[in-house]
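Overview (structure and organization)
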Amino acid sequence: MIVTKMVHKLSCALTAITILVLATGCANPETKLTHVFRYKFYLLNPPTGTLGYEDKDLDFTFAPERDYIKIALVNNSGRNATIYWDKAVYKDVDGMSHRLVTRDMKDNDGSQTPVTIPPGHRLVQRALPADNIDHTLFGWKTRPMFPELKTARVIDDWDRAEFKLTLPIEVDGELRRYEFVFKIKTR
């Protein structure tokens, strides 16, 4: 009876080890990294503790994605607010400035019409650097703003990196340059 119990325990242990070895052998190390490491974004300046900023007239919310940054803007003033996309700038992690365009644009080389947001209204735009857009026979193809986190080098290179958005917005005849600095964390 003792031998039977020992054989049963040994059999269970060997089965568990076999399953563990098979599961480990089938795992893709790149997949493991992309499941463990994810981009996290923080608004560094102005320091709000969130991905949003609000002043007396405008309320901004940002949602960076791999290919673009979603910008939601609410006009809380009693006057029209106009965003000048042609003068909007994305400064990448290397400090290089790029023209910022919206996904609604038909041609990344053309000019963008300023967008007016009436009082109490909300505008949601997906913006990306114009340099990240390629034209193909089938339309636009965008390159990601942030690479996939699938190697240790990419994870290290992008951890604690910063980028900046400058959005020129006119409220009641006053042109303001809103500057937002974001910090990227990969760990």
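Now for a quick tour of the structure. All of these numbers come straight from a predicted model, not from anything done at the bench. (Residues numbered from 1 in each chain as written. Predicted model: local features only at pLDDT ≥ 70, side-chain atom pairs only at ≥ 80, totals over all residues. Heavy atoms only, no water.)

Glancing now at the overall build of the protein chain. From N to C terminus, the protein chain includes three helices and 13 strands. Relative to its 187 residues, the protein chain shows a buried fraction of 33%. Once local pairs closer than 6 in sequence are excluded, the contacts in the protein chain between residues at least 24 apart make up 63%. Per element, the accessible surface of the protein chain, about 11500 Å² overall, is 56% carbon and sulfur. (Helix = DSSP H or I, 4+ residues; strand = E, 2+ residues; numbered from the N terminus. Buried < 20%, exposed > 50% of the residue type's maximum accessible area, 1.4 Å probe, protein only. Contact = heavy atoms within 4.5 Å. Areas by Shrake-Rupley, 256 points an atom, 1.4 Å probe, with all protein chains shown as cover.)

A word on the environment of Val 101. Checked against the element boundaries, Val 101 lands in strand S7 (residues 97-102). When the C-alpha atoms of Val 101 and Tyr 90 are compared, they prove to be 9.3 Å apart, with 11 residues separating the residues in sequence.

So, about the pattern of salt bridges. One pass over the full model with this rule turns up 14 salt bridges. A salt bridge links Arg 79 to Asp 172; the nearest nitrogen and oxygen atoms lie 3.4 Å apart. Here Arg 79, found in the loop between strand S4 (69-75) and strand S5 (81-83), pairs with Asp 172, found in the loop between strand S12 (162-171) and strand S13 (174-185); they are 93 residues apart in sequence, far enough to count as distant. Judged by its relative accessible area of 55%, Asp 172 is exposed. The salt bridge partner of Arg 99 is Asp 86, with a shortest N-O separation of 3.3 Å. Of this pair, Arg 99 sits in strand S7 while Asp 86 sits in the loop between S5 and strand S6 (89-91), and the two are 13 residues apart along the sequence. Arg 99 sits in the partly exposed class, given a relative accessible area of 25%. A relative accessible area of 34% means that Asp 86 is categorised as partly exposed. Because the salt bridges share partners, they merge into one network encompassing Asp 55, Lys 56, Asp 57, Arg 79, Asp 172, Glu 174 and Arg 176. (Salt bridge = Lys/Arg side-chain N within 4 Å of Asp/Glu carboxyl O.)

Turning our eyes to something else, we now look at the pairing of strand S10 (residues 133-136). The pairing of S10 with strand S11 (residues 139-142) spans four bridges and is antiparallel. The partner of Thr 136 across the bridge, within S11, is Gly 139. In this structure, the hairpin formed by S10 and S11 is closed by a connection of two residues. (Pairing = 2+ DSSP bridges.)

Along the chain, Thr 166 turns up in strand S12. Residue class for Thr 166 comes out buried when judged on its relative accessible area of 12%. Residues contacting Thr 166, with those up to four places away along its chain left out, are Lys 87, Ala 88, Val 89, Arg 177, Tyr 178 and Glu 179.

Turning our eyes to something else, we now look at the packing of aromatic side chains. Think of a pair of aromatic rings as described by two things: how far the centres are apart, and how the planes are tilted against each other in angle. Counted under the stated rule, the structure contains 18 aromatic pairs. Considering the side-chain rings of Phe 41 and Phe 163, the 6.2 Å spacing of their centres and the 75 degrees angle between planes classify their relative orientation as edge-to-face. Residue Phe 41 is found in strand S1 (residues 40-45), and its partner Phe 163 is found in strand S12; the two are separated by 122 residues along the sequence. The burial state of Phe 41 is the same as that of Phe 163; both residues are buried. (Phe/Tyr/Trp six-rings, centres within 6.5 Å; stacked < 30°, edge-to-face > 60°.)

Just distances and angles here, no functional claims.
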